[in-house]
Amino acid sequence: MIEKNKLTHSEYISSVRPRARALVDELTRRYGYASILCVDARGKNYRVDRSGVSVCDEPLYCSRGSVLRVVVRGNLLEYAFDSFDGLDIEAVCERIDRLSAHMSDGDFVPSDEQCSLCESTEYEISPQQVGDEWILSRLSEQRTRALSEDERVFDALLRLSWQKYTKLFLSPHRDMTESVMWTTATVLTFVREGDRMKDSYQGYSNLGGVEVLDRLAEEGVAHSVKNAIDLLSSTPIPAGEYDCICSPDVTGLIVHEAFGHGVEMDMFVRDRALAREYVGKRVASELVSMHDTACGVSEAASYFFDDEGNLSGDTLIIDHGILRGGIADEQAASRLGLEPTGNGRRESYSHKAYTRMTNTYFEPGCDKLEDMIASIDHGFYIEEARCGMEDPKNWGIQCVAGIAREIRDGALTGRVYSPVVMSGYVPDLLNSISMMSDTGSLFGCGFCGKGHKEWVKVSDGGPAIKARIKLS
Amino acid sequence: MIERLKRIISEVGISDYLIREVQTERVELYYVRRELDTSRSVCTQDLSVCVYRSYRDGEECYRGSCDVIVYSSMSDSEIESRLREGYAAALHVRAREYPHAPAVSDVREDEQYDLLRIAEGYAGAMLSADTVEDSFINSAEIFTEHTYTRIISPFGVDVGYPSLQTSGELVVQCKGEEDAELFDYFRYEGECYDLLAQRTQQKLTQVRDRARALRDISVEGVDLVLEGECVRELLGYAMFLSSAKNIHTGYSSAKVGEVLRGIYPSLTLIPTVPYSREGIPMIERALVRDGRMLGAIGDMRFASYIGAEPTGEYTRLGAESGTASTEQLFSSPCLHVVAFSDFQFDELDGYFGGEVRLGYYYDGECVRAVTGVSVSGNFREAGRVEYSAERYSDYTYDGPRYVRIGND
């Protein structure tokens, strides 16, 4: 039985609580409603590769500050600041008043049910306790191992990242504190043969500490090297529509990019999402059930409450193929006459909250992977999710994977193709899902952008799936 | 705060460091259709200290480093603790010794701006351009930001400079034969309201075409014409090849004076800030002439490793005009792409591609708007590449508007 430790809350957050509460009380008195989110976040990046070793506080993971939110004539206004020292409430009100002066009357009503909460997540091995030297040493070991696997390995980039944050949300009726830590460990192997260079990536994440390094060491490095070597013989894929088995991380890419973004209901409000017309209708095969949840699983994007003070939820987006609904931040929920789903998230306290995914996945099915591969006459096993772009308006799929392994007559032939661009129409792909493996995984190494900015930690995944997909 | 920080650094016993402070004020306007939906005001200070640590291991001399982020709200003991942690970490960064940035003193006066007035100016310009028939602004975000950056080292770097930028997103929509949208991102320095108005009008016209565009037609076997930001992406390959870090680590085999892989006009690096992150004065630098690399791009560390002059980091690339007129470029069948969903360029092997949100397909007889097709190619291997005489300019690029890549 591995002992787990609970995170302690930031002393900074504890120290500013009284001033934060006083500010909320005063602004509520003046405007009718005010809330504040105070954040103390810290995180580091460790990197070992051919250029050397680096360790640093990572700006994306580090922040300390607060964001005030007030509602003026039904409009939402915010003021973000980094320090309570010298904060002049009259100057703050002057800014708010000036911002609101040119706004028409709105209809936003913030949710403010009574809620008191104080929670934190657990970890096994704290990065701060083991120290930088220990982490760099482990990463260097794995890099040495990758380089020794094959003489064609040109470089192996080993990286570990962690973030720990404490958030305090106060409003007239809410007093909520949470502390959360996630850690990720990744390997990116570069191989070279003559003029040709290819790369392959494996990543592991957890809601916890550096215990995630064990998984990287057990399987990640070897898998990354093998895939990279295989890619040296890859050729561009013949464009066409094929029966495909998607590995769990590629399933996650499809879940996140192709469908997840399409059910962010701030897009419903803006008439930017086709999904709005399909609520209550079939959008996927009977096998498919899809969730977005920050509390139903323990992964890198888990938390207790969102950046608007709403409790995290477990949203059943697709229920055996039927679209049940989406996820919503507070503004979107208010406009649509719904309850917020706990998906209002910010890149940092100085950024606006948008409707954002958390941990998004398909439920596993009942099939064995070997049976799924055996069921294919001519198709591909697709691995290594690379990137994707959302298209909620048209429900188009634009996802890129790293590697497609040919399957013929129910067996892998050894032939490899890359890159792999998956395209098509989302409901067509989801309705074509005919098999789903009985186990699933979540992958939380990446960050999700809204367009090309507003980066938040997410995870996605699911089981392996068999589907008909357009590849090029 | 900087004086406080220098005192604590001295008390910890750190003699080699670089302090970077960025004061930010920002106004954000969020529009849904033509209505101002949400407004925000931001006032923050970001502080980081890069601590350096020189040490010897046998005959070799090393200079490790670690970036430490601190806040004015921290107590002295908290800042001290962070600095000590960073200083200890630097000992494990075995970077071969390299020089510190040379002394330079240039603390410029800060300026005061009415950010709300400027943001509203851009909003007004954008909304005033919303006059194209059948199409309209779906939503927009406008961020007007004033920053003051200060960089200080104990070796005489003491620079400070202001910046005023407006950036944002624009989504335009047309409910024609199809309900179509196009997404655009913009960024300007100073007050360039007319440029945003022109860009908005252009996008509103293009989205109307997208609503009528043919879907999933075959465009194989024709040359590809890319425009604007995509041209910048391809030409940016020269920056990857010329990177001192990439040359040092072997990811690039480029050498000064030799021909770079790919076909390029003359390229120039254009600074967008007066000083790099280390305090290196940023100047315009010729990068490529007659297809040959003239110099490497690098910071103090990697530039020294390859014996090059440190340049700092560049975002903006200038390129000499091509010789092909617009008529020549579009005189034979081609697919002209004006918007991708996500243009991808792989610097490892030169492959590029993406899904077309809006393109114009000329088959030799007529031009048709197309959408939903995928294109790909390899810039490194392209045999026929022509650059336009017509130019395009934005925050990251000033050069030929179009590039035509042969499908050979």
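Before reading on, note that the structure itself is shown above.
Residues numbered from 1 in each chain as written. Chains lettered and ligands numbered in written order. Predicted model: local features only at pLDDT ≥ 70, side-chain atom pairs only at ≥ 80, totals over all residues. Heavy atoms only, no water.

Student: Report on the overall build of chain A, specifying residues and quantitative values.
Tutor: Scanning chain A for helices and strands turns up nine helices and 25 strands. Over its C-alpha trace chain A gives a radius of gyration of 23 Å, about what one expects of a compact globule, namely 23 Å for 472 residues. Overall, chain A is about 70 × 55 × 45 Å in size when its C-alpha atoms are taken along their principal axes. Counting all 472 residues of chain A, 64% fall into the buried class. Residue pairs at least 24 apart in sequence account for 75% of intrachain contacts in chain A once pairs closer than 6 positions are excluded. Surface accessibility of chain A: about 16600 Å² in total, with carbon and sulfur atoms responsible for 49%. Distance between charge centroids for chain A: 3 Å, based on 52 positive and 74 negative side chains. (Helix = DSSP H or I, 4+ residues; strand = E, 2+ residues; numbered from the N terminus. Rg over C-alpha atoms; globule rule 2.2 N^0.38 Å. Buried < 20%, exposed > 50% of the residue type's maximum accessible area, 1.4 Å probe, protein only. Contact = heavy atoms within 4.5 Å. Areas by Shrake-Rupley, 256 points an atom, 1.4 Å probe, with all protein chains shown as cover. Lys, Arg positive; Asp, Glu negative; His and termini not counted. Charge placed at Lys NZ, Arg CZ, Asp CG, Glu CD.)

Student: Tell me what's going on with the packing of aromatic side chains, and back it up with residues and numbers.
Tutor: Any aromatic ring pair is given by two values, namely how distant the centres are and how the planes are angled relative to each other. Counted under the stated rule, the structure contains 27 aromatic pairs over all chains. Between A:Tyr278 and A:Trp395, the ring centres sit 5.1 Å apart and the planes meet at 55 degrees, which makes this aromatic pair tilted. You can see A:Tyr278 sitting in the loop between helix 6 (266-269) and strand 12 (290-293) and its partner A:Trp395 sitting in the loop between strand 18 (378-388) and strand 19 (396-408), a full 117 residues away along the chain. Centroid distance B:Phe302 to B:Tyr305: 5.6 Å. Interplanar angle 85 degrees. Geometry classified as edge-to-face. In this pair, B:Phe302 and B:Tyr305 are both assigned in helix 8 (residues 300-305), three residues apart and thus about one turn of the helix distant. Classification of B:Tyr305 by relative accessible area gives buried; the value is 12%. Through a chain of ring-to-ring contacts, three or more aromatic side chains come together here, namely B:Tyr122, B:Phe186, B:Tyr188 and B:Tyr193. Stacked on the ring of B:Tyr87, the Lys or Arg B:Arg53 has its end atom at 4.1 Å from the ring centre. (Phe/Tyr/Trp six-rings, centres within 6.5 Å; stacked < 30°, edge-to-face > 60°. Lys NZ or Arg CZ within 6 Å of the ring centre and 35° of its normal.)

Student: I'd love a proper account of the sheet that holds strand 11 (residues 285-289) of chain B, names of residues and values included.
Tutor: All names here are of chain B. Here we have six strands laid out as an open sheet, ordered 12-11-10-13-21-20, and mixed in their pairing. Whereas interior strands pair on both sides, the edge strands pair on one side only; in this sheet they are strand 12 (292-293) and strand 20 (391-394). Of the pairings in the sheet, the one linking strand 11 to strand 12 comprises two bridges and is antiparallel in character. Following the sheet pairing, Val288 is matched in strand 12 by Met293. (Pairing = 2+ DSSP bridges.)

Student: I'd like to hear about the interface of chain A and chain B, residue by residue, with values.
Tutor: If you look at the interface, chain A gives 71 residues, while chain B gives 69 residues. One can count 15 salt bridges joining chain A with chain B. As a salt-bridge pair, B:Arg357 and A:Asp391 come within 3.7 Å of each other at their nearest N and O atoms. Between chain A and chain B we count 38 residue pairs in polar contact (both at pLDDT 80 or more) in total. If one sorts the elements of the side of chain A that touches chain B by residue count, strand 5 (residues 75-81) of chain A sits on top with seven residues. Relative to strand 2 (residues 35-57) of chain B, strand 5 of chain A runs parallel, the two sharing six bridges. Its bridge partner lying in strand 2 of chain B, A:Ala80 is registered against B:Val42. (Salt bridge = Lys/Arg side-chain N within 4 Å of Asp/Glu carboxyl O. Polar contact = N/O pair within 3.5 Å; in protein donor to acceptor, adjacent residues only side chain to side chain.)

Student: Lay out the pattern of salt bridges with the relevant residues and their values.
Tutor: Under the definition given, this model contains 80 salt bridges over all chains. Residues B:Glu85 and A:Arg42 are paired through a salt bridge, measuring 3.0 Å at the closest nitrogen-oxygen approach. Here A:Arg42 lies in strand 2 (residues 34-49) and B:Glu85 lies in helix 2 (residues 76-90), a pairing that spans two chains. Judged by relative accessible area, which is 26%, B:Glu85 ranks as partly exposed. You can call A:Arg42 buried: its relative accessible area is 8%. Close ionic contact of B:Arg26 with B:Glu28 constitutes a salt bridge, the shortest N to O distance being 2.7 Å.

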